[in-house]
Amino acid sequence: MKALSPEDERKLYMYDLREIENILEAVLFAAGDSVSIEKLSEIINQDKKTTISIISNMEMKYKNSSRGIMLRRIGTGYQLCTKPEYDKYIIQLGYARKKQGLSQAAYETLAIIAYHQPVTRAYVEHIRGVNSDNVILNLVEKNLVCELGRQDSPGKPKLYGTTEEFLRVFGFNSVKDLPHIDVNDIQTVMDEIPVD
Amino acid sequence: MKALSPEDERKLYMYDLREIENILEAVLFAAGDSVSIEKLSEIINQDKKTTISIISNMEMKYKNSSRGIMLRRIGTGYQLCTKPEYDKYIIQLGYARKKQGLSQAAYETLAIIAYHQPVTRAYVEHIRGVNSDNVILNLVEKNLVCELGRQDSPGKPKLYGTTEEFLRVFGFNSVKDLPHIDVNDIQTVMDEIPVD
Amino acid sequence: MTNATHDCCVIKIKDFEGPFDLLFYLIEKNKIDIYDIPIVEITDQYMDYLFAMKEMDLEIASEFLVMAATLLHIKSRMLLPERKDEAEDDEDPREELILKLIEYKRVKDFAGILREREAEWKKVHYKLPELLPESAYEIELDVSPSLLKECYQKTLQVYYDRQNDESQKMKRIIQHERVSLRLKIKQLLDMLKRDVRLCFSAIFNLKKTSRLEVATGFLAALEIAKNGKAIIHQEVEFGEIYIEPRRVVRDEGA
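Residues numbered from 1 in each chain as written. Chains lettered and ligands numbered in written order. Predicted model: local features only at pLDDT ≥ 70, side-chain atom pairs only at ≥ 80, totals over all residues. Heavy atoms only, no water.

### Describing the overall build of chain C
The helix and strand inventory of chain C stands at 9 helices and 4 strands. For chain C, the α and β elements follow one another from N to C terminus as α-α-α-α-α-α-β-α-β-α-α-β-β. Per-residue burial for chain C yields a buried fraction of 33% across its 254 residues. In chain C, the proportion of contacts linking residues at least 24 apart, taken out of those at least 6 apart, comes to 59%. As displayed, chain C has an accessible area near 16,700 Å², and 53% of this comes from carbon and sulfur atoms. (Helix = DSSP H or I, 4+ residues; strand = E, 2+ residues; numbered from the N terminus. Buried < 20%, exposed > 50% of the residue type's maximum accessible area, 1.4 Å probe, protein only. Contact = heavy atoms within 4.5 Å. Areas by Shrake-Rupley, 256 points an atom, 1.4 Å probe, with all protein chains shown as cover.)

Below, the structure is given as structure tokens:
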């Protein structure tokens, strides 16, 4: 058997890559939900690093080429979704799920939990200055916030953090994507806040 | 306003066609289910005939290009679905990888077979001192042990040995790779073991 | 500064998420520099609102009252002439409140960003998952080569111990049988003392005693015969075995 020329090898690789992309598209389509990188690399039988590079490449391709759908990273997984510009057509289907908006209290509470997670209810209340029991329960019910365990302090209060659904709804790739603010550093706070 | 040249018109149409295809992809993706031609033509604001020709064209494109999904006509509507050749990968989405260990009895039996292969069941039982029928059957079922033939002795008992799967799972290159037992007194015992 | 009492009536306490929210409203309405809050005016306006709420017969949440107390406390500290012993910490009584307000402002800002992002990402639609066979799973063997070796060693050790144990057992059986043989000889001799002919099958019957005991009994009989203390007869092959005491001629040895 004749050895492959570098050109042939490249072509073969291109073919394989295409096929892998097709597999990933099919799998993500069927999943509907986000699929973890671990699961994807298991399915395409590639290591995690290779899988990430393949899928990042796909993400760019969906974005730049003429497509109605796109790929987005959510936490440690990926999910197919429609491009936002086609929303006006999709709603004409008549059965797009209408999500109820959140209250101001919910946005505030979510903001505190997102920034400072894991946090206790007491911490949230300390910043908001009001009881936040029901608001947190409501966010947990909406699957935007979840319990992350208990703090190792008297009373062992519950610790809260944001969920994958939070990332999905607010369009963040991961919690690390949130703009960083260090509230403890007074000087930074003073510098950052414009005086008007 | 200047009139469009036929060339420009064609270009514009190409652009529009692309955009319409994107809209249809997004709409069909979000729908999940099949969407009627009537609904689709209403959404893209084209007559039924044009819609059918656009979507038939898309159907061909999905089919012939490197994609994981395709378009299917179902009754009077159309639906996006995965290409059948990727079914085996999609099925893996539902797979939960279960890690399973071996029982003490299985390890013992496997060790005797691995170190002394080919061996009969009687030999295994002689060393273990207990009936090993089920354990051996179980190891055969797990493809760690296989029949190697029959011993040329009264009753022609089956001979067992380890499989390639055994080498793979335990990470040995060959049976010669088995960890060496360096306990001298056990070696003496081995000499004493009668060969049946 | 405008008089708050006038427009307070049109604002319901419910419109504010909490005391910080209300304070922020006042700060923004009065275009106040957050780092230099005119505490007297702000406190007055804040109290005006609370009084207005009370007049409207609305229940005032305790948090609003706590803030009122805090504001009044700060106000009193600002108004009192600075005492010498307090001068050393040189602390602005407003500092803690300002920091909390800044922290709250960040939260409010981020909450606004979240609201915007949510509206933007609401335009993205997802697909419902396809039905997949649920029960499918792949079994991955989790094995350890060192455990295989360990088990092998242990098995051989157990085998070795058992072999030793079995030879030990055999010795014990023999020992036990020796005692038993002696016992059987004694039993037979006792019976023979009564000067009768013994029927072997009557004494040692396989239906009543074990094979081992029958064999031992037979050995005992042979032993006695050998020592000249009994005579064994068997008239036909496989027939009954009789054991008779042999008279000792006393004067023989005399």
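### Considerations on the confidence of the model for chain C
Any segment with low pLDDT has predicted coordinates that should not be analysed in fine detail. All names here are of chain C. Scored by pLDDT, chain C has a mean of 77; 77% of the residues are at 70 or more. Mean pLDDT values for the elements of chain C range from 49 in helix 1 (residues 4-8) up to 87 in helix 6 (residues 95-121). Predicted confidence is poor over residues 1-6, with pLDDT under 50, and the contacts of this stretch with residues over four places away or in other chains come to 13 contacts. The low-confidence segment residues 250-254, where pLDDT is below 50, has 0 contacts with residues more than four positions distant or belonging to other chains. Interface predicted TM-score (ipTM) for the complex: 0.67; the corresponding pTM is 0.60. (pLDDT = per-residue confidence, 0-100.)

### A word on unusual backbone geometry
Here Gln117 of chain A and Pro118 of chain A are connected by a cis peptide whose omega angle stands at -5°. Tracing the chain through its elements places Pro118 of chain A in the loop between helix 5 (104-116) and helix 6 (121-128). Backbone geometry places Asn45 of chain B, a non-glycine residue, at a positive phi of 60°. Turning to its location among the elements, Asn45 of chain B is positioned in the loop between helix 2 (37-44) and helix 3 (48-64).

### A look at the sheet that holds strand 1 (residues 35-36) of chain B
All names here are of chain B. Pairing in this open sheet of 3 strands is antiparallel, and the strands run 1-3-2 from one edge to the other. Of all the strands in the sheet, the pair left with one neighbour each is strand 1 and strand 2 (69-74). Pairing geometry for strand 2 and strand 3 (residues 77-82), over 6 bridges, is antiparallel. If you follow Leu71 over to strand 3, its bridge partner there is Leu80. The strands that helix 3 touches are strand 2 and strand 3; relative to strand 2, the one it contacts most, it runs at about 140°. (Pairing = 2+ DSSP bridges. Axes fitted to C-alpha atoms, helices over the stretch in contact; angles between N-to-C directions.)

### As for the packing of aromatic side chains
Scanning the model with the defined rule gives 15 aromatic pairs over all chains in all. Judged by centre distance (5.9 Å) and plane angle (65°), the ring pair of Phe29 of chain A and Phe29 of chain B falls under edge-to-face. Remark: Phe29 of chain B occurs in helix 1 (residues 6-31) and Phe29 of chain A occurs in helix 1 (residues 6-31); the pair is interchain, linking two chains. Across this residue pair, the class does not change: Phe29 of chain A and Phe29 of chain B are buried. Judged by centre distance (5.9 Å) and plane angle (85°), the ring pair of Phe200 of chain C and Phe218 of chain C falls under edge-to-face. Note that Phe200 of chain C is positioned in helix 8 (residues 200-203) and Phe218 of chain C in helix 9 (residues 211-226), a separation of 18 residues in sequence. Ring-pair connections join several aromatic residues into one group, and the members of that group are Tyr107, Phe166, Phe170 and Phe172 of chain B. Cation over ring: Arg72 of chain A sits above Trp121 of chain C, and NZ or CZ is 4.3 Å from the ring centre. Here the guanidinium or amino end of Arg117 of chain C rests over the ring plane of Phe172 of chain A, the centre of that ring lying 4.0 Å away. (Phe/Tyr/Trp six-rings, centres within 6.5 Å; stacked < 30°, edge-to-face > 60°. Lys NZ or Arg CZ within 6 Å of the ring centre and 35° of its normal.)

### Quick notes on the pairing of strand 3 (residues 230-234) of chain C
Residues and elements named next belong to chain C. As paired strands, strand 3 and strand 4 (residues 241-245) are joined by 5 bridges and run antiparallel to one another. Looking across to strand 4, one finds that Ala230 is bridged to Pro245. Once strand 3 ends, the chain turns through 6 residues before running back antiparallel as strand 4, passing Phe238 with a positive phi of about 60°.

### Regarding the layout of surface pockets
Each pocket or cavity is described by its volume, and for the second largest pocket that value is around 550 Å³. Lining the second largest pocket we find 20 residues, and of these Ser65 and Arg67 of chain A together with Ser65, Ser66 and Arg67 of chain B sit closest to its centre. Those elements that place two or more of their residues in the lining of the second largest pocket are helix 1 and helix 3 (48-64) of chain A together with helix 1 and helix 3 of chain B. Taken together, the residues of the lining of the second largest pocket sort by class into 4 nonpolar, 6 polar and 10 charged. (1 Å grid on protein atoms, 1.4 Å probe; cavity = no way out; pocket = protein on both sides within 12 Å on 5 of 7 lines; lining within 4 Å. Points joined across faces, edges and corners; volume = space filled by probe spheres on them. Nonpolar A, V, L, I, M, F, W, Y, C, P; charged D, E, K, R; others polar.)

### Describing the pattern of salt bridges
Throughout the structure, instances matching the rule amount to 32 salt bridges over all chains. Among the ionic pairs, Glu125 of chain B bridges to Arg121 of chain B, the shortest N-O distance being 2.9 Å. A residue pair is termed a helical-turn pair when its members lie 3 or 4 positions apart in one helix, as Glu125 of chain B and Arg121 of chain B do in helix 6 (residues 121-128) at 4 residues. With a closest N to O distance of 3.2 Å, Asp44 of chain C and Lys75 of chain C form a salt bridge. Of this pair, Asp44 of chain C sits in helix 3 (residues 39-55) while Lys75 of chain C sits in helix 4 (residues 62-79); the two residues are 31 residues apart in sequence, bridging distant segments of the chain. We classify Asp44 of chain C as partly exposed; its relative accessible area is 35%. (Salt bridge = Lys/Arg side-chain N within 4 Å of Asp/Glu carboxyl O.)

### Considerations on the packing of helix 3 of chain C against helix 4 of chain C
Residues and elements named next belong to chain C. At a minimum axis separation of 9 Å, helix 3 and helix 4 run at an interaxial angle of 150°. By the angle class used here, helix 3 and helix 4 are roughly antiparallel. As helix 3 runs across helix 4, the sense of the crossing is left-handed. Listed contacts from helix 4 to Ile39, Val40, Thr43, Asp44, Tyr46, Met47 and Leu50 of helix 3 are Phe64, Leu65, Met67, Ala68, Leu71, Leu72, Ile74, Lys75, Met78 and Leu79. Each residue belonging to the contact of helix 3 with helix 4 can be placed in one class, and the counts come to 14 nonpolar, 1 polar and 2 charged. (Parallel < 35°, antiparallel > 145°, perpendicular 65-115°, else oblique. Left-handed = near helix turned anticlockwise from the far one by under 90°.)

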